[in-house]
Amino acid sequence: GQSLEQPSEVTAVEGAIVQINCTYQTSGFYGLSWYQQHDGGAPTFLSYNALDGLEETGRFSSFLSRSDSYGYLLLQELQMKDSASYFCAVRALLTGRRALTFGSGTRLQVQP
Amino acid sequence: EAGVAQSPRYKIIEKRQSVAFWCNPISGHATLYWYQQILGQGPKLLIQFQNNGVVDDSQLPKDRFSAERLKGVDSTLKIQPAKLEDSAVYLCASDVTGTTEAFFGQGTRLTVV
């Protein structure tokens with residue numbers, strides 16, 4: 001099975017940089033994904049790391065280290081609208097069973 | 001492109017009653033998922049369909065939950081009878097095999113009283 005650990009809450013100020021960590025235990029997975037979810041909204045895809053290293057998408061970057069069973073999401077130039085919950089997730093290496101297993105989520109509060 | 005549609009958005013029922021949720025995935029997406037998200041937690045898979053066949057229902061409480069996707073498009077999830085601990089948001093998602101992004105609906109917020 002898979003389990004993913006994230007900090008429950010992070011607070012930062014507008015314009016700052018914040019890093020949300022994700023450590024995992026899994027028997028095998030395709031890659032590490034990140035999703036954003038505003039209160040009452042749908043989870044939306046942010047980023048995916050298939051290989052070790054850094055992936056950059058605008059203000060968001062994501063990093064994966066399979067040897068350390070660790071990844072993180074980096075948010076730069078924080079804006080108030082970035083206040084949301086962020087989830088790391090993996091898909092298992094089981095034929096056909098492609099469902100995402102999510103971490104418990106990190107609630108980001110951006111303060112003025 | 002239209003997103004994943006779910007209805008109703010909210011539902012309040014008494015324990016032991018039954019309830020059904022509906023999902024229409026993105027056109028052309030063969031894979032459909034139902035997730036349960038309890039407040040403060042990440043989504044947890046209930047069932048995965050590939051077209052109209054069940055791929056994974058290992059985490060579905062089959063004594064009270066059922067789901068179907070008869071024509072390989074729309075899907076319904078039913079709970080009968082509901083328990084207090086079923087209070088959660090029920091999310092439907094769809095995607096295409098071989099891609100990395102799953103698309104989620106807004107979910108149905110169920111409150112069991």
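Each value, and the rule that gives it
Residues numbered from 1 in each chain as written. Chains lettered and ligands numbered in written order. Predicted model: local features only at pLDDT ≥ 70, side-chain atom pairs only at ≥ 80, totals over all residues. Heavy atoms only, no water. Helix = DSSP H or I, 4+ residues; strand = E, 2+ residues; numbered from the N terminus. Rg over C-alpha atoms; globule rule 2.2 N^0.38 Å. Buried < 20%, exposed > 50% of the residue type's maximum accessible area, 1.4 Å probe, protein only. Contact = heavy atoms within 4.5 Å. Areas by Shrake-Rupley, 256 points an atom, 1.4 Å probe, with all protein chains shown as cover. Lys, Arg positive; Asp, Glu negative; His and termini not counted. Charge placed at Lys NZ, Arg CZ, Asp CG, Glu CD. Phe/Tyr/Trp six-rings, centres within 6.5 Å; stacked < 30°, edge-to-face > 60°. Lys NZ or Arg CZ within 6 Å of the ring centre and 35° of its normal. Disulfide = S-S within 2.5 Å. Pairing = 2+ DSSP bridges. Axes fitted to C-alpha atoms, helices over the stretch in contact; angles between N-to-C directions.

Once that is clear, we can look at the overall build of chain B. Helix and strand content of chain B: zero helices and eleven strands. Of the regular secondary structure in chain B, the N- to C-terminal order runs β-β-β-β-β-β-β-β-β-β-β. The C-alpha atoms of chain B give 13 Å as radius of gyration, which agrees with the globular expectation for 113 residues (13 Å, within 12%). Overall, the C-alpha framework of chain B stretches about 40 × 25 × 25 Å when taken along its three principal axes. For chain B, with 113 residues in total, the buried portion stands at 43%. Residue pairs in contact within chain B that sit at least 24 positions apart in sequence constitute 51% of those at least 6 positions apart. For chain B, the exposed surface amounts to about 5600 Å²; the carbon and sulfur share of it is 51%. Distance between charge centroids for chain B: 7 Å, based on 12 positive and 11 negative side chains.

Counted by the stated rule, this structure contains 14 aromatic pairs over all chains. Through pairs of rings, three or more aromatic residues link up here, namely Tyr35, Phe45, Phe87 and Phe102 of chain A together with Tyr33, Tyr35 and Phe104 of chain B. Positioned above the aromatic ring of Phe29 of chain A, the side-chain terminus of Arg66 of chain A is 4.4 Å from the ring centre.

Moving on to the state of the cysteines. Applying the stated rule across the entire model yields two disulfides over all chains. One disulfide in the model links Cys22 of chain A with Cys88 of chain A; its S-S distance is 2.1 Å. Judged by the sign of its S-S torsion, about 80°, the cystine formed by Cys22 of chain A and Cys88 of chain A is right-handed. Here Cys88 of chain A lies in strand β9 (residues 84-92) and Cys22 of chain A lies in strand β3 (residues 18-26), a separation of 66 residues in the sequence. The same class applies to Cys22 of chain A and to Cys88 of chain A, which are both buried. The disulfide that involves Cys23 of chain B links it to Cys92 of chain B, with 1.9 Å between the sulfurs. Across the S-S bond of Cys23 of chain B and Cys92 of chain B the torsion is about -70°, and the bridge reads as left-handed. In this pair, Cys23 of chain B is assigned in strand β3 (residues 19-24) and Cys92 of chain B in strand β9 (residues 88-95), connecting sequence segments 69 residues apart. Among the residues examined, Cys23 of chain B registers a relative accessible area of 0% and is labelled buried. A relative accessible area of 0% means that Cys92 of chain B is categorised as buried.

Let us look at the sheet that holds strand β1 (residues 2-5) of chain A. Residue and element names in this part refer to chain A. As summarised here, the arrangement of the five strands in space is β1-β3-β8-β7-β6, forming an open sheet in which the pairing is antiparallel. Two strands in the sheet have a free side with no partner beyond their single neighbour: β1 and β6 (53-57). Between one strand axis and the next, the sheet turns by 20° as a mean value, whatever way the strands run. In the sheet, β3 pairs with strand β8 (residues 70-75) via six bridges, with the strands oriented antiparallel.

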